[in-house]
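Descriptive structure summary
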Amino acid sequence: ALDCSRSMLAQDIQPSRLERAKREIMDLLDMIRSDRAGLVAFAGSAVLQCPLTLDHQAFNIFLRVLTPDFLPAGGTRLGAAIQTAYDGFDHQADTEKAIILITDGENTSGDIDPVLEQMAKQGVRIFCIGVGSPDGAPIPDKNGGFKKDEAGAIVLSRVDEKGLQKIADMTGGAYVRSVAG
């Protein structure tokens, strides 16, 4: 599940959080050659972009085109991303299921605990990759410049490591922060 919200355009990670996340996913695909992978794009809503497949080349085609403009609703709904990924599984297959959540972790919408409890009950482990720095960075605005709050101050987006660690802990997964290499 890949975060495609505008905060993923922040450049505290070069060239941007989103581009780094895409590279992380391509590296992961190289490691899981015999496993099926699916792709969920999310921001204020979530969309199953690529259903589970062994065709990693097709997967990469879907991955490359993702931008914040792909999803019309702004914000970051982690619960919707997790639920959409879960809905994309083949529930008849007796295989282990895992969700890899790649995001800066700033959940802007709703309580995700009920979804996490459901995943834990179903045995779905969530592995979180945090993209961004704890110091934060400004969010580029569509019209140029940076996103500002009501008072006119530039909004800084920070990776929410505590929130992502909680998601991983509640589901028996793990959390790591994306670093170069």
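In this report, the structure presented in the accompanying data block is examined.

Analysis parameters
- Residues numbered from 1 in each chain as written.
- Predicted model: local features only at pLDDT ≥ 70, side-chain atom pairs only at ≥ 80, totals over all residues.
- Heavy atoms only, no water.
- Pairing = 2+ DSSP bridges.
- Helix = DSSP H or I, 4+ residues; strand = E, 2+ residues; numbered from the N terminus.
- Right-handed = clockwise from strand over helix to strand, strands pointing away.
- Salt bridge = Lys/Arg side-chain N within 4 Å of Asp/Glu carboxyl O.
- Buried < 20%, exposed > 50% of the residue type's maximum accessible area, 1.4 Å probe, protein only.
- Contact = heavy atoms within 4.5 Å.
- Patch = residues over 30% accessible without salt bridge, like charges linked within 9 Å, V, L, I, M, F, W, Y side chains within 5 Å.
- Areas by Shrake-Rupley, 256 points an atom, 1.4 Å probe, with all protein chains shown as cover.
- Core = buried A, V, L, I, M, F, W, Y, C linked by side-chain atoms within 4.5 Å.

1. Quick notes on the pairing of strand S5 (residues 125-130)
As paired elements, strand S4 (residues 98-103) and S5 share 6 bridges and run parallel to each other. Its bridge partner lying in S5, Thr103 is registered against Gly130. Crossover handedness for the path S4 to helix H4 (residues 113-122) to S5: right-handed. Sheet topology places S5 next to strand S8 (residues 175-177); 3 bridges connect them, and they run parallel. Note on S8: the bridge partner recorded for Cys128 is Tyr175.

2. Overview of the pattern of salt bridges
This structure, assessed with the given rule, holds 6 salt bridges. Across the pair Lys22 and Glu19 runs a salt bridge, and its minimum N-O distance is 3.6 Å. With a gap of 3 residues between them, Lys22 and Glu19 both fall in helix H1 (residues 17-31), about one helical turn apart. With relative accessibility at 34%, the residue Glu19 sits in the partly exposed group. Note that Lys166 is salt-bridged to Asp113, the shortest N-O span being 2.8 Å. Taken together, the residues Lys166 in helix H5 (residues 161-171) and Asp113 in helix H4 connect sequence positions 53 residues apart.

3. Considerations on the environment of Ile25
Relative to the assigned elements, Ile25 resides in helix H1. Using a relative accessible area of 8% as the deciding quantity, one classes Ile25 as buried. With 23 residues separating them in the primary sequence, Ile25 and Leu2 have C-alpha atoms 8.8 Å apart. Those residues within four positions of Ile25 in sequence are excluded, and the remaining contacts are Leu2, Phe59, Leu63 and Ile102.

4. Quick notes on the side chain of Arg17
In this fold, Arg17 is placed in helix H1. The class of Arg17 is buried, set by a relative accessible area of 0%. Setting aside chain neighbours within four positions, we find Arg17 in contact with Ser7, Met8, Ala10, Asp12, Asp104, Val131, Gly132, Ser133, Gly136, Ala137, Ser157 and Arg158.

5. Describing a nonpolar patch on the surface
Taken together, Phe146, Ile154 and Leu156 make up a surface patch of nonpolar side chains, about 260 Å² in accessible area. Looking at where Ile154 falls in the secondary structure, it is placed in the loop between strand S6 (137-138) and strand S7 (156-157). Here Ile154 falls in the partly exposed class, since its relative accessible area comes to 45%.

6. Thoughts on the nonpolar core
Grouped together as the largest cluster of nonpolar side chains are 23 residues, with contacts concentrated most on Ile82, Ile99, Leu101, Met119, Ile126, Cys128 and Ile167. Contributing elements (two or more residues each) for this core: strand S2 (37-42), helix H3 (78-87), S4, H4, S5 and H5. The element contributing the most residues to this core is H3, with 5 residues. What Ile167 contacts, discounting residues up to four positions off in sequence, is Leu78, Leu101, Ile112, Leu116, Ile126 and Cys128.

7. Examining the side chain of Thr103
With respect to the helices, strands and loops of the structure, Thr103 is situated in strand S4. Contacts of Thr103, omitting those with residues within four sequence positions, involve Asp3, Met8, Phe42, Thr76, Leu78, Ile129, Gly130, Val131 and Leu164.

8. What about the pairing of strand S3 (residues 46-53)?
Summarising the sheet, S2 and S3 pair through 5 bridges and their orientation is antiparallel. Along S3, the bridge assignment pairs Leu39 with Cys50. Adjacent in sequence and paired antiparallel, S2 and S3 are bridged by 3 residues.

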